[in-house]
Each structure stands twice: as C-alpha cells, then as structure tokens.
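Okay, here's what each chain looks like letter by letter:
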Amino acid sequence: MPRCWLVKSEPSAYSIDDLARDGRTCWDGVRNYQARNFLRDQMKAGDPVLFYHSNADPPAIVGLARVCREAYPDHTARNPQGPHFDPAATEENPIWMMVDIEFIQKFARPVTLAEMKADPDLAGLMLAQRGSRLSVQPVAEAHFRRICEQGR
DNA sequence: GCCAACGTTGGC
DNA sequence: GCCAACGTTGGC
C-alpha cells in the first residue's frame, strides 16, 4: 500500500477547481524543511493525496489527487521576480524540491476541519492537531479511508 | 482583523 | 548555543 498524503492550498491561490481544470500541476513553493523532506524522501508516484483548502470558509478537504512525478528541483526558488524566491538556492544546491500531482476527483461533499476534529475515527490526525502548520503531511491509511468515505 | 502557534534569523 | 525579535500560517 502506498503512503497517503495531505497537501494544503489556499483556494484563492490554487483550488481544487484549478487542479480539475489543469489535470496536473507542479506542487511548487513548499518552503518548510519538514514538508520538503516528506515530499523529497517519501512521496512516491501513485501515492494518493488529499487536497485541503486552508484559509477557506470553511477549511476542508475538498478532493483527491495522486503523485504523478517524484521530487525534482523547485526552480521557482531561483526566480528573483517570483514569490517563492530563495537567494540561497543554486543550480548545484536547489534546496527546495517539488513533485507533480494529478487530479483524481473533487469530493461530492467537502470534509470540514470542524467535522474531522469531532470525528473519533480521526483521532490523532495531524491536520486536526492544534497549531498544525505543516503544508505537506502524511495521513494514516485508516484516516485516509475514513475521510474519503465522508467526502463521498 | 485578531492573535496563537510555530519556524527562522541573528546578536551576543 | 541561547533566546528575543520577527515573519508567516491559518483558524476563528
């Protein structure tokens, strides 16, 4: 069984509808070491990915995607005009990495953060922990299945 | 818009 | 290596 993941995006920046339209996209702009390590070291092609809308009303998991390309350098770190520029990134040492993900489905019903926090079957879900800011996080398989059920 | 939680930076 | 200051995230 592949590992399951969750990625966050503010819908005003990139939403599940944007992914549905694009079919696939490069998941650039991750600028946190822990998130990068997950993405670089453990995300494998074919792994399922829950798509979460942060800073949304309501914050919720809204759909499902899949990793379709494993980690490679995030070139946006080397674009001084871009919002994800990091002057420390070089061609030899890109520092930041990204994967590509592809659209699978939009949930029939968003699974809200409030609902997940209240669900005993989702006890321990990283997303529901207080102060959880990690934008790429692993999800236990049982939790993953539960969330997919709720979104159907 | 507020603010708590968290990560990073940089002086010492 | 400590820790205060600062910037960001993201729920509410």
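Anything mentioned here points back to the structure above.
Just so we're clear, the structure is a prediction, and the values are computed from it rather than from any experiment. (Residues numbered from 1 in each chain as written. Chains lettered and ligands numbered in written order. Predicted model: local features only at pLDDT ≥ 70, side-chain atom pairs only at ≥ 80, totals over all residues. Heavy atoms only, no water.)

J.: Honestly, the protein's contact with DNA strand B in this entry has me stumped. Any pointers?
T.: The local shell around DNA strand B consists of Y33, R130, G131 and R133. Among all atoms of DNA strand B positioned within 4 Å of the protein, those belonging to sugar or phosphate total 67%. Within the side chain of R133, an N or O atom sits 2.3 Å from a base oxygen of DNA strand B. A breakdown of the residues in the surface near DNA strand B according to their chemical character gives 1 nonpolar, 1 polar and 2 charged. (Near = heavy atom within 4 Å. Polar contact = N/O pair within 3.5 Å; in protein donor to acceptor, adjacent residues only side chain to side chain. Nonpolar A, V, L, I, M, F, W, Y, C, P; charged D, E, K, R; others polar.)

J.: Can you help me understand unusual backbone geometry in this one?
T.: Most peptide bonds take the trans configuration, and most residues that are not glycine carry a negative phi. The linkage connecting D57 with the following residue, P58, adopts the cis geometry, with an omega of -5°. Summarising the element assignment, P58 is placed in the loop between β3 (48-53) and β4 (60-73). Of note, the phi angle at N55 is positive, near 50°, even though the residue is not glycine. Here N55 falls in the exposed class, since its relative accessible area comes to 68%. One non-glycine residue with positive phi stands out, namely I95, at about 65°. Take I95: it is sitting in the loop between β4 and β5 (97-112). On the accessibility criterion, I95 (15% relative accessible area) is buried. (Helix = DSSP H or I, 4+ residues; strand = E, 2+ residues; numbered from the N terminus. Buried < 20%, exposed > 50% of the residue type's maximum accessible area, 1.4 Å probe, protein only.)

J.: I tried to follow the protein's contact with DNA strand C on my own but got confused; where do I start?
T.: Lining the immediate surroundings of DNA strand C are K8, Y52, S54, N55, P59, L113, K117 and R133. For DNA strand C, the backbone makes up 76% of the atoms found within 4 Å of the protein, where backbone means sugar plus phosphate. The separation between a phosphate oxygen of DNA strand C and a polar side-chain atom of K8 is 3.0 Å. At 3.1 Å from a phosphate oxygen of DNA strand C is found a side-chain nitrogen or oxygen belonging to K117.

J.: Hey, could you run me through the state of the cysteines in this one?
T.: All chains considered together, the criterion is met by 0 disulfides. No disulfide involves C4; its sulfur sits 7.9 Å from that of C148, the nearest cysteine. Judged by relative accessible area, which is 2%, C4 ranks as buried. In this structure C148 comes out as buried when scored by relative accessible area, which is 12%. (Disulfide = S-S within 2.5 Å.)

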